[in-house]
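# Geometric and topological summary
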Amino acid sequence: MISSSAITAVILAGGAGRRLGGVDKGWLELGGKSLVESILAVLHDQVATVVISANTNTERYAALGYPVIADPPGDAGGPLAGVAACWDQVRTRYLWLLPVDAAIVPEQLLSALNTGLLDADAAIARARMGADVHPTCALIDRSRVAPPSQPGGSLMGWQRRYAVVDVAVGPGAVLSVNTPEEYSALTARSDQTEAG
């Protein structure tokens, strides 16, 4: 297994949240805690370093106690731009990408990606739920991958240039919240769990 000391987690929080009315998704609340705080709780003791890729509310994110890295001025944005901005700022061999709207991250997700990456001798291991692949939830071996040269492009397209393995994730995970309807359903589910 890859040692936790060799992994930096990059929380991708640079999106505009357009489908949610321009809301910064990291600060949506679920069960009395913001999504970014919930992710940080899962990351505890799993990785050597955590950085947050964010372009808005940077002071608020920095108050959580982790470095915040913004996209370069004039960049086209998107998750690939966040990866590019963080690439030279971290020192570990492996990057674990996590989207800030991953509302329910299984405790064993990193272990599953870790095993998948090594067993397949791949450069990138991505989370898959059913037929849906999540390129923003991936473990990347930087020794086998070149940094993004066109950070305004597609994260999925960049990943396809390398040996990729998709790792099945259990049905209880929620790795993206994109619409008000999805957020409402998730909040109702959380309320039911707390009531039970």
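Up top is the structure.
These remarks concern the structure in this document. The numbers attached to residues start from 1 for each chain and follow its sequence in the written order. pLDDT decides what is reported in this predicted model: residues at 70 or higher carry local features, side-chain atom pairs at 80 or more are listed and counted, and totals for whole chains, interfaces and linings draw on all residues regardless. For the side-chain quantities, the full set of heavy atoms in the structure was used; hydrogens and water were omitted.

### Here's the deal with the sheet that holds strand β4 (residues 49-53)
Paired through their backbone hydrogen bonds, the strands of a sheet run either parallel or antiparallel. Applicable threshold: One bridge is not enough; two strands pair if DSSP finds at least two bridges between them. Where helices and strands are cited, they refer to DSSP runs of H or I of at least four residues and of E of at least two residues respectively, numbered from the N terminus. In what follows, residue pairs with any heavy atoms lying within 4.5 Å of each other are defined as contacts. To obtain each axis, a line is fitted to C-alpha atoms, and for helices this fit is confined to the stretch in contact; angles are then taken between N-to-C directions over 0 to 180 degrees.
The mixed open sheet is built from 7 strands, whose spatial order is β5-β4-β1-β6-β8-β7-β9. The sheet is open, and its two edges are formed by β5 (68-69) and β9 (164-168), each paired on a single side. Sheet analysis places strand β1 (residues 7-12) next to strand β6 (residues 94-99), joined by 6 bridges and oriented parallel. Bridged to I7 within β6 is Y94. Of the strands in this sheet, β1, β4 and β6 are in contact with helix α1 (residues 35-43), which crosses β1 at around 170°.

### Details of the pattern of salt bridges
As a reminder, the rule being used: Should a side-chain nitrogen of Lys or Arg be within 4 Å of a carboxyl oxygen of Asp or Glu, the pair is scored as a salt bridge. Partly exposed describes any residue whose relative accessible area lies between the buried limit of under 20% and the exposed limit of over 50%, with all areas from a 1.4 Å probe on protein chains only and scaled to the type maximum.
Applying the stated criterion across every chain, the model contains 4 salt bridges. When the shortest N-O distance is used, the salt bridge between R144 and D121 registers 3.0 Å. On the criterion of sequence distance, the pair formed by R144 in the loop between β8 (132-141) and α5 (155-159) and D121 in the loop between α4 (109-119) and β7 (124-129) is long-range, its members being 23 residues apart. Judged by relative accessible area, which is 35%, R144 ranks as partly exposed. The salt bridge partner of D166 is R126, with a shortest N-O separation of 2.8 Å.

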